[in-house]
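# Summary of the model geometry
What follows is the residue order along each chain.
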Amino acid sequence: MNALAPIADWFRHLNATTGINFTVFYDPFDATRFVHGLWVTIELSVVTIIASVLVGVIGAWGQGVKSAWVRGVTWSYVELFRNTPPLVQIYFFFFGLSAVLPHTHNGFGMAQPLIGGFAWASISLALYAGSFNVEIFRSGIEAIPHSMLEAAEALGYTRRQTYLNVILPLGLRICLPALTNNLVNLIKTTTLAYAIAVPELLYVSNQIWSDAENVPEMMILLFIIYIILVGILVALMHWWERSLRRPGLGT
Amino acid sequence: MSDLPVFPKLPAALRPRARAGLSFALPRLTIWHGFGLTALLLICASVAQAANPAPLQKSIFATLVQWTPLLLRGFLLNIEISFLSMAMGTILGIALGLGLVAQTKPLRQTSWALTQFFRNAPWLALLFFMIYLLPYHMRIGGLHISLPDWLKAVVGLGLPVMANVAEIVRGGVRSIHPGQWEASESLGFTRNQQLFSIILPQAFKRMLPPWMNLYAILTTNTTLASIVGVNDVVTRAGQVLAAAGNNPGLLAPVYAYVLLLFFIYTYPVAIATRRLERRTKVRI
């Protein structure tokens with residue numbers, strides 16, 4: 001804590017002299033809240049990124065199967081979630097479905113929903129971003145030259161083997177830039193969890209600026225942190241893209 | 001060179017999808033998807049009806065029908081906000097996009113910084129920013145201007161649209177073959193003439209589908225305005241729920257109904273975008 005003391009002092013001094021009030025840097029209570037919010041945002045981002053990619057892979061597979069039913073269900077899912085507001089989706093899950101599902105009772109005898117706010121936010125955000133991922137993976141898969149699939153078939157690969165060993169690795173490389181963009185959007189969309197009182201970054205920032213009345217400062221901090229988070233993701237994805245690159249495939 | 005927010009391409013949602021050769025025809029999205037959504041609504045309503053311990057005085061369908069005018073009025077506000085933000089975002093975005101392809105370096109860098117800032121900030125955070133920081137009442141000279149919340153929301157939503165439109169413009173201009181620039185230069189066109197009479201008319205066709213896609217995204221994002229207190233369809237849905245006696249069984253059907261409203265409005269835009277994409281693909 002001692003190492004951070006000069007920083008805290010500097011920001012306290014900044015507040016005293018100029019009125020620019022970054023409470024999170026010198027007030028331990030606000031700092032704890034803020035760090036916790038940042039942590040929740042990171043957690044939410046990681047969980048939804050992984051889940052949405054899984055949804056995308058499964059959905060892209062569902063669009064290519066022979067059964068018209070599975071294809072139809074996948075298409076309806078994609079169109080439904082792409083063309084409706086993510087906020088209303090979250091409300092629908094959190095309020096609507098949660099009310100229909102059974103409740104448990106906690107120690108105080110209060111009704112407690114089976115699935116909490118964080119879990120519903122993860123589920124609905126993963127489904128929302130997943131619907132975009134399905135389209136992204138599909139376009140990647142369709143960009144694979146047909147001769148590759150024929151070659152795999154000629155080598156005796158089953159449909160599943162072809163999908164796992166040929167289509168997925170090649171399609172992934174083709175659609176990585178588009179996937180990066182969607183995941184960036186997903187990180188930004190995690191702010192919607194604010195609406196169902198998940199204590200993520202925007203939510204705690206709102207609490208802090210309500211207490212300390214420092215909206216512009218908190219906002220600037222918020223933007224900077226989101227830009228850093230997005231920057232980390234973009235850097236990671238670019239690094240991954242480079243490490244996966246195969247000469248002769250794509251540009 | 002690819003430091004933080006330089007994205008090599010337009011965001012996925014803004015890019016024309018499935019440019020590569022299709023190995024099978026796209027299963028055309030039909031009215032069935034609308035039916036699917038309606039079915040979801042019906043299922044939710046029936047499940048809620050069945051699971052409801054205390055029977056309502058009115059059935060859920062009757063309640064929905066009764067409150068439809070109120071919800072539609074809220075939905076109309078969403079549409080208005082989406083129109084105004086799109087108009088604002090497009091006008092500013094075209095200017096910013098032209099800045100992105102300008103020849104003077106300071107102008108290009110400023111536009112780049114602005115674009116990246118507004119593209120990488122969460123929409124909701126920008127909305128909060130505008131709601132809190134724009135004054136409710138302004139006086140410019142003798143002119144009194146009051147900014148109600150929904151107008152602030154228009155500005156807050158218009159800014160990310162602006163940045164995305166700028167990227168679309170840049171992408172469109174970049175997609176035109178450099179030979180076009182060279183050819184027009186050799187014909188003695190000035191830079192402005194090249195841009196406005198040669199490049200942009202060609203790029204326009206390619207910019208239209210991602211622009212429409214952006215509109216669809218914006219429309220769904222207008223619901224964010226409800227969080228900052230605008231009386232839009234989501235806020236009204238909350239009011240309807242309260243007016244109908246806060247019945248938990250009503251929650252799912254009402255929100256499914258709002259989803260349906262948006263689907264009905266956005267879906268034709270999605271279809272039109274896809275058609276246009278296919279058409280431009282053939283021509284170019």
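Please read all numbers here as calculations on a predicted model, not as lab measurements. (Residues numbered from 1 in each chain as written. Chains lettered and ligands numbered in written order. Predicted model: local features only at pLDDT ≥ 70, side-chain atom pairs only at ≥ 80, totals over all residues.)

### Some words on the overall build of chain B
Stated formally: Going along the chain from the N terminus, every DSSP run of H or I of four or more residues is numbered as a helix, and every run of E of two or more is numbered as a strand. Any residue whose C-beta has 12 or fewer other C-beta atoms within 10 Å is treated as exposed, any with 20 or more as buried, and any in between as partly exposed, C-beta atoms being built from the backbone. With C-beta atoms placed from the backbone, a contact is any residue pair whose C-beta atoms sit within 7 Å.
Counting its regular elements, chain B contains 9 helices and 2 strands. Written out in order from the N terminus, the α and β elements of chain B read α-α-α-α-β-β-α-α-α-α-α. Every one of the 284 residues in chain B was classed for burial, and the buried ones make up 41%. Considering only intrachain contacts with a sequence separation of at least 6, the fraction spanning at least 24 residues in chain B is 79%.

### Here we look at the overall build of chain A
Across its full length, chain A carries 10 helices and 2 strands. Projected onto its principal axes, the C-alpha coordinates of chain A cover approximately 75 × 50 × 30 Å. Across the 251 residues in chain A, those meeting the buried criterion constitute 46%.

### Considering the pairing of strand E2 (residues 143–146) of chain B
Residues and elements named next belong to chain B. Spelled out, the test is: Pairing between two strands is assigned when DSSP locates at least 2 bridges connecting them.
As paired strands, strand E1 (residues 137–140) and E2 are joined by 4 bridges and run antiparallel to one another. Bridging from a neighbouring strand, Met 138 pairs with Ile 145 of E2. From the end of E1 to the start of E2, which pair antiparallel, there are 2 residues, and Gly 141 there has a positive phi angle of about 65 degrees.

### A look at helix H8 (residues 233–243) of chain B
All names here are of chain B. What counts, and what does not: This arc is built from the directions going out from the helix axis to the C-beta atoms.
Listed as buried for H8 are Val 233, Val 234, Arg 236, Ala 237 and Val 240. Buried residues of H8, seen end-on, are gathered within an arc of 155 degrees and therefore sit on one face of the element. Of the residues flanking the end of H8, it is Gly 245, one or two places downstream, whose phi is positive at about 90 degrees.

### Re the packing of helix H4 (residues 123–133) of chain B against helix H5 (residues 149–175) of chain B
Residues and elements named next belong to chain B. Applied cut-off: All axes here are fitted lines through C-alpha atoms, helices being fitted over the stretch that makes contact, and every angle between N-to-C directions spans 0 to 180 degrees. Roughly parallel means an angle under 35 degrees; roughly antiparallel means over 145; roughly perpendicular covers 65 to 115; every other angle is labelled oblique. Less than a right angle of anticlockwise turn of the near helix away from the far helix marks a crossing as left-handed, whereas a clockwise turn marks it as right-handed.
In contact at an axis separation of 8 Å, H4 and H5 are set at 135 degrees when each is read in the N-to-C sense. With respect to H5, the element H4 is oriented oblique. Crossing angle aside, the handedness with which H4 passes H5 is right-handed. Where H4 abuts H5, its residues Trp 123, Leu 126, Leu 127, Phe 129, Met 130 and Ile 131 lie against Asp 149, Lys 152, Ala 153, Val 155, Gly 156, Leu 157, Leu 159 and Pro 160.

### Some details on the nonpolar core
As a reminder, the rule being used: The term nonpolar core refers to a group of buried residues, namely Ala, Val, Leu, Ile, Met, Phe, Trp, Tyr and Cys, whose C-beta atoms join them within 7 Å.
Among the nonpolar cores identified, the biggest contains 133 residues, and Ile 90 of chain A together with Leu 124, Ala 125, Leu 127, Tyr 255 and Val 258 of chain B are the most heavily contacted of them. The element best represented in this core is helix H9 (residues 248–283) of chain B, accounting for 13 residues. Discounting chain neighbours no more than four positions away, the residues touching Val 258 of chain B are Val 88 of chain A together with Val 233, Val 234 and Ala 237 of chain B.

### Some details on the confidence of the model for chain B
All names here are of chain B. What counts is decided by this rule: As a per-residue quantity, pLDDT reports the predictor's confidence and falls between 0 and 100.
With 81% of its residues at a pLDDT of 70 or more, chain B has an overall mean of 81. Mean pLDDT across the elements of chain B ranges from a minimum in helix H1 (residues 31–51), with 69, to a maximum in H5, with 92. Note on residues 1–27: pLDDT under 50 across the span, and 51 contacts to partners over four residues away in sequence or across chains. The complex model carries a pTM of 0.80, and its ipTM stands at 0.81.

### As for the environment of Leu 101 of chain A
All names here are of chain A. Residue position: Leu 101 is located in the loop between helix H5 (86–100) and strand E1 (103–105). Sequence spacing of Leu 101 and Pro 113 is 12 residues, and the spatial spacing of their C-alpha atoms is 7.8 Å. If sequence neighbours within four positions are ignored, Leu 101 has contacts with Pro 113, Leu 114 and Ile 115.

### Observations concerning the environment of Trp 120 of chain A
All names here are of chain A. As for its placement among the helices and strands, Trp 120 is situated in helix H6 (residues 117–142). According to the C-beta neighbour criterion, Trp 120 is buried, with 22 such atoms within 10 Å. Spatially, the C-alpha atoms of Trp 120 and Phe 94 are 5.8 Å apart, while their sequence positions differ by 26 residues. Beyond its immediate sequence surroundings of up to four residues, Trp 120 is in contact with Ile 90, Phe 93, Phe 94, Ser 98, Ile 115 and Ile 196.

### Re unusual backbone geometry
Residue and element names in this part refer to chain A. Positive phi is not limited to glycine here, since Ala 197 has a value of about 60 degrees. In this fold, Ala 197 is placed in the loop between helix H8 (159–189) and helix H9 (201–212). Phi angles above zero are rare outside glycine, and Glu 213 is one such case at about 50 degrees. You can see Glu 213 is positioned in the loop between H9 and helix H10 (215–244). The exposed category is assigned to Glu 213, around which 11 C-beta atoms lie within 10 Å.

### A few points about the confidence of the model for chain A
Confidence in the prediction for chain A averages 87 pLDDT; 97% of positions are at 70 or higher. Mean pLDDT across the elements of chain A ranges from a minimum in strand E2 (residues 111–113) of chain A, with 72, to a maximum in helix H3 (residues 28–64) of chain A, with 92.

### A short note on the environment of Ile 20 of chain A
Residue and element names in this part refer to chain A. Within the secondary structure layout, Ile 20 lies in the loop between helix H1 (5–18) and helix H2 (23–26). Residue class for Ile 20 comes out exposed when judged on the 12 C-beta atoms lying within 10 Å of it. Put simply, Ile 20 and Glu 217 are 197 residues apart on the chain and 7.0 Å apart in space, counted from C-alpha to C-alpha. In this view, Ile 20 contacts Leu 14, Asn 15 and Glu 217; residues no more than four positions away in its chain are not counted.

### Some points on the packing of H3 of chain A against H6 of chain A
Residues and elements named next belong to chain A. Put simply, the test is: Side-chain classes are defined by residue name, with Ala, Val, Leu, Ile, Met, Phe, Trp, Tyr, Cys and Pro counting as nonpolar, Asp, Glu, Lys and Arg as charged, and the others, Gly among them, as polar.
Packing of H3 against H6 leaves a shortest axis separation of 6 Å and a crossing angle of 45 degrees. Classified by the angle their axes make, H3 and H6 are oblique. Of the two possible hands of crossing, H3 and H6 adopt the one that is right-handed. Classifying every residue of the contact of H3 with H6 by side-chain character gives 16 nonpolar, 8 polar and 1 charged.

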